[in-house]
Amino acid sequence: MLELTTTLTALHLVYLLGVIFILTVMILRRDTPMVCIIFLFLLGLTATGTLVGGIQTVFNAALFAAKEFMEIIAVIALVTALSRTLSDLGSDYLMMKPLSKIMWSPSAAWWILGLIMMIFSFFLWPSPSVALVGAIMLPLAIRKGLHPLAAAMAMNLFGHGIALSYDLVIQGAPAISAAAAGIDTSEVVYGGSPLFLMMGASTVLAAFLLNRKRLRTMGGSVQVTMRTSGADANRVSDCPETVSGVSGSDQSAEPSGSESSAKSTGSGRRIRRKTALFIAILTPAAFLADILLMFVYDLKGGDATSLVSGTAALLMVLGSLLGFGRQAPEKVTDYLIHGFTFAIKIFAPVILIGAFFFMGGEGIRTILGDTTQNGLLNDWAIWLAGKTPINRYLAALLQMVIGALTGLDGSGFSGLPLTGALSRTFSLMTGGSVPIFAALGQITAIFVGGGTVVPWGLIPVAAICNVDPVEMTRRNLPPVLIGFACTFVLACLLL
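A word on the overall build of the protein. Broken down by element type, the protein carries 23 helices and zero strands. Of all 495 residues assigned to the protein, the portion counted as buried reaches 56%. Counting only carbon and sulfur atoms, one obtains 66% of the accessible surface of the protein, whose full area is about 20100 Å².

This next bit is on the packing of helix α8 (residues 148-166) against helix α21 (residues 434-452). Orientation of α8 relative to α21, taken along the N-to-C sense of each, is 140 degrees, at an axis distance of 9 Å. Relative to α21, α8 is oriented oblique. For the pair α8 and α21, the crossing hand works out as right-handed. Residues N156, L157, H160, G161, I162, L164, S165 and Y166 of α8 form the contact with α21, whose participating residues are Q442, I443, I446, F447, G450, G451 and T452. Along the lines of polarity and charge, the residues of the contact of α8 with α21 split into seven nonpolar, eight polar and no charged.

Within the fold, S202 resides in helix α11 (residues 193-210). Within the structure, the side chain of S202 is placed 3.3 Å from the backbone oxygen of M199, a separation counted as a polar contact. Once residues lying within four places of it in the same chain are set aside, the contact partners of S202 are G483 and C486.

It is worth spelling out the confidence of the model for the protein at this point. Overall, the predicted model of the protein reaches an average pLDDT of 77, with 80% of residues at or above 70. Element-level mean pLDDT values for the protein span from 30 in helix α13 (residues 240-247) up to 93 in α11. Low pLDDT (under 50) marks residues 217-264, which in the prediction has 75 contacts with non-local residues, meaning those over four places away or in another chain.

For the rest of this paragraph, the subject is the packing of α8 against helix α23 (residues 469-494). It is at 10 Å that the axes of α8 and α23 come closest, and there the two elements cross at 55 degrees. For the element pair α8 / α23, the angle class is oblique. Seen from above, α8 lies across α23 with right-handed handedness. Each of L149, A152, M153, N156 and L157 in α8 lies in contact with α23, whose residues at this interface are E471, M472, R475, N476 and V480. The residue inventory of the contact of α8 with α23, partitioned by class, reads six nonpolar, two polar and two charged.

Side chains of M34, I38, L42, L45, L51 and I55 sit close together on the surface and give an oily, nonpolar patch of about 550 Å² of accessible area. Put simply, the parts of the chain that give the nonpolar patch at least two residues each are α2 (33-48) and α3 (51-89). Within the secondary structure layout, I55 lies in helix α3. Residue I55 is classed as exposed on the basis of its relative accessible area, which comes to 52%.

Turning next to unusual backbone geometry. Peptide bonds are, in most cases, trans, and in most cases residues other than glycine have a negative phi. A positive phi angle, near 60 degrees, is found at N466, a position not held by glycine. As for its placement among the helices and strands, N466 is situated in the loop between α22 (459-465) and α23. For N466, a relative accessible area of 32% puts it in the partly exposed group.

What follows is about helix α19 (residues 392-407). Relative to the 22 Å expected for 16 residues at 1.5 Å per residue, α19 spans 22 Å between its end C-alpha atoms, a close match to the ideal helical length. Within the span of α19, buried status applies to A395, A396, L398, Q399, M400, I402, G403, T406 and G407. Where α19 begins, one side-chain oxygen reaches toward the backbone nitrogen of Y393, 3.0 Å away; that side chain belongs to N391.

Moving on, we come to the nonpolar core. In terms of nonpolar packing, the biggest core is built from 129 residues, with W110, L113 and F356 touching the most fellow members. Of the residues forming this core, the biggest block, 15 residues, is contributed by α3.

A separate point is the pattern of salt bridges. For the structure shown, the criterion picks out two salt bridges. A salt bridge links E471 to R475; the nearest nitrogen and oxygen atoms lie 3.5 Å apart. Remark: R475 and E471 occur in helix α23; sequence separation between them is four residues, near one turn of the helix. We classify E471 as partly exposed; its relative accessible area is 22%. Its relative accessible area of 28% is what places R475 among the partly exposed residues.

On the secondary structure map, I353 appears in helix α16 (residues 328-358). Judged by its relative accessible area of 7%, I353 falls in the buried class. The spacing of I353 and D31 is 322 residues in sequence and 9.9 Å in space, taken between C-alpha atoms.

Turning our attention to the packing of aromatic side chains. Remark: the centre distance and the inter-plane angle together describe each pair of aromatic rings, the angle taken between the planes. Under the counting rule described, the total for this entry stands at eleven aromatic pairs. Taken together, a centroid distance of 4.7 Å and an interplanar angle of 5 degrees make the contact between Y15 and F356 stacked. With Y15 in helix α1 (residues 10-27) and F356 in helix α16, the pair connects residues that are 341 residues apart, well separated along the chain. For the ring pair W110 and F208, a centre distance of 5.6 Å and an interplane angle of 45 degrees mean the geometry is tilted. Placement of the pair is W110 in helix α5 (residues 106-124) and F208 in helix α11, with a sequence separation of 98 residues. The residues W110 and F208 share a single accessibility class, namely buried. Here the aromatic residues Y15, F21, F39 and F356 are joined through ring pairs into a cluster of three or more. Over the aromatic face of F324 sits the side chain of K331, whose NZ or CZ is 4.6 Å from the ring centroid.

What follows covers α23. Note: α-helices contain 3.6 residues per turn, so residues at a spacing of three or four share the same orientation. Here α23 contains 26 residues, and its C-alpha end-to-end distance of 35 Å stays within 8% of the 38 Å for a straight helix at 1.5 Å per residue. In α23, a bend of some 30 degrees at L477 exceeds every other bend along the element, and P478, a proline, comes one to four places later. Of the positions making up α23, those classed as buried are P469, M472, T473, N476, P479, V480, G483, F484, T487, L490, A491 and C492. Looking at the buried residues of α23, the elements they touch are α8, α11, α19, α21 and α22.

Attention now goes to the environment of I382. The topology assignment puts I382 in helix α18 (residues 376-387). Given a relative accessible area of 16%, I382 falls into the buried group. Sequence separation of I382 and T7 is 375 residues, and the distance between their C-alpha atoms is 9.7 Å.

Calculation notes
Residues numbered from 1 in each chain as written. Predicted model: local features only at pLDDT ≥ 70, side-chain atom pairs only at ≥ 80, totals over all residues. Heavy atoms only, no water. Helix = DSSP H or I, 4+ residues; strand = E, 2+ residues; numbered from the N terminus. Buried < 20%, exposed > 50% of the residue type's maximum accessible area, 1.4 Å probe, protein only. Areas by Shrake-Rupley, 256 points an atom, 1.4 Å probe, with all protein chains shown as cover. Axes fitted to C-alpha atoms, helices over the stretch in contact; angles between N-to-C directions. Parallel < 35°, antiparallel > 145°, perpendicular 65-115°, else oblique. Left-handed = near helix turned anticlockwise from the far one by under 90°. Contact = heavy atoms within 4.5 Å. Nonpolar A, V, L, I, M, F, W, Y, C, P; charged D, E, K, R; others polar. Polar contact = N/O pair within 3.5 Å; in protein donor to acceptor, adjacent residues only side chain to side chain. pLDDT = per-residue confidence, 0-100. Patch = residues over 30% accessible without salt bridge, like charges linked within 9 Å, V, L, I, M, F, W, Y side chains within 5 Å. Salt bridge = Lys/Arg side-chain N within 4 Å of Asp/Glu carboxyl O. Expected span 1.5 Å × (residues − 1). Core = buried A, V, L, I, M, F, W, Y, C linked by side-chain atoms within 4.5 Å. Phe/Tyr/Trp six-rings, centres within 6.5 Å; stacked < 30°, edge-to-face > 60°. Lys NZ or Arg CZ within 6 Å of the ring centre and 35° of its normal. Bend = angle between axes of the 7 residues up to and from the residue.

Right, here's the structure in full:
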């Protein structure tokens, strides 16, 4: 049985105070990095007892967070660079055109985008799926009138929410929960399936209904904004002739001027059209080949993400070579600068926010050294479980609260060993079902920490869609809370 006791120290109290302050600042719609820096200093000062230690903790925590986020930063940068290349060539238009009849409205685009994201995420996990779906499907959904924020919600809730929390195919999350609970993985996957299905269905349905008016009324204006802005994946080609040539609306037109100039321009446009068509066919084919390679070589997580990102980089280089010839070296440099500038701009404040919340999980050992053994949030969760009078319904509610608390560090998976162990403990104390308790903890830990209601966890989708992660959090929170409520009621009936 898990020992539900822990010793709370002044460090735990400072951290809890920091969490309260940060959440309050978020509710007030103010930026939080300043508060995070102050409390990182206070945590370091409390842990080390020295002014120098407090100052060093600010940098060490920021450096740790930057290293943790670097993979995501690189993915976003390379996919953004590829998207800019596709846009300049006109290949993005050709890739999206066959799907235009399927996404006939913003509402249809929302569901199709979300379902495709969920299917990819079941097999690849959300991180590489964001890159794939963002590069190919997202521009079409936005051009069909879907608001970028709504698109981000669809990709996020279906991917980082439903697919990652259920993890039906890869089964990484249920394996961790089951191992800690002392049961077989299949018991969590299938025994908890009613809860996973309820959480997924109620959350996305609530999200759609709560934002349906926003989909219809704001879609038309967004299409123009995204076509004329400097956003990552949806830039219009810098060369007007590329777009007209690809669309076929101006294929017979010749520019005015001398005959030799007309011939030269026409030849260049024909080459550009051929390049655009070739890259439009090659890009989805290359990503499909990535998926096959993932199955053949059993690539998951970071390995799968690196395969997708490397493919994006190579496609960017090839498209630049074929489309711009001798200008390709400079074009590739411009695309990379654009991609990494965009990614760093998005992540600059998030690194400091994540630095604070990493102190709540296993990251504290790297930041502060061996002076602390457990994450501060995990200690608070254990303390709360040991102080609460238990019956099976209170145990279910407590399991959900603890799962959500452990998810605040932005990981989602870091709290699964704790919620899995607690599911066995709560079952012995109340007679409730171990798989149901394990599924409850897994759902809340991943929906919160996996990246649906904490800004530092949903950055990949927010960056790809070029939306504010804090605003996205506010939009996600009501449907996720509705999903939690529906799941809790069902759990009470099943326990």
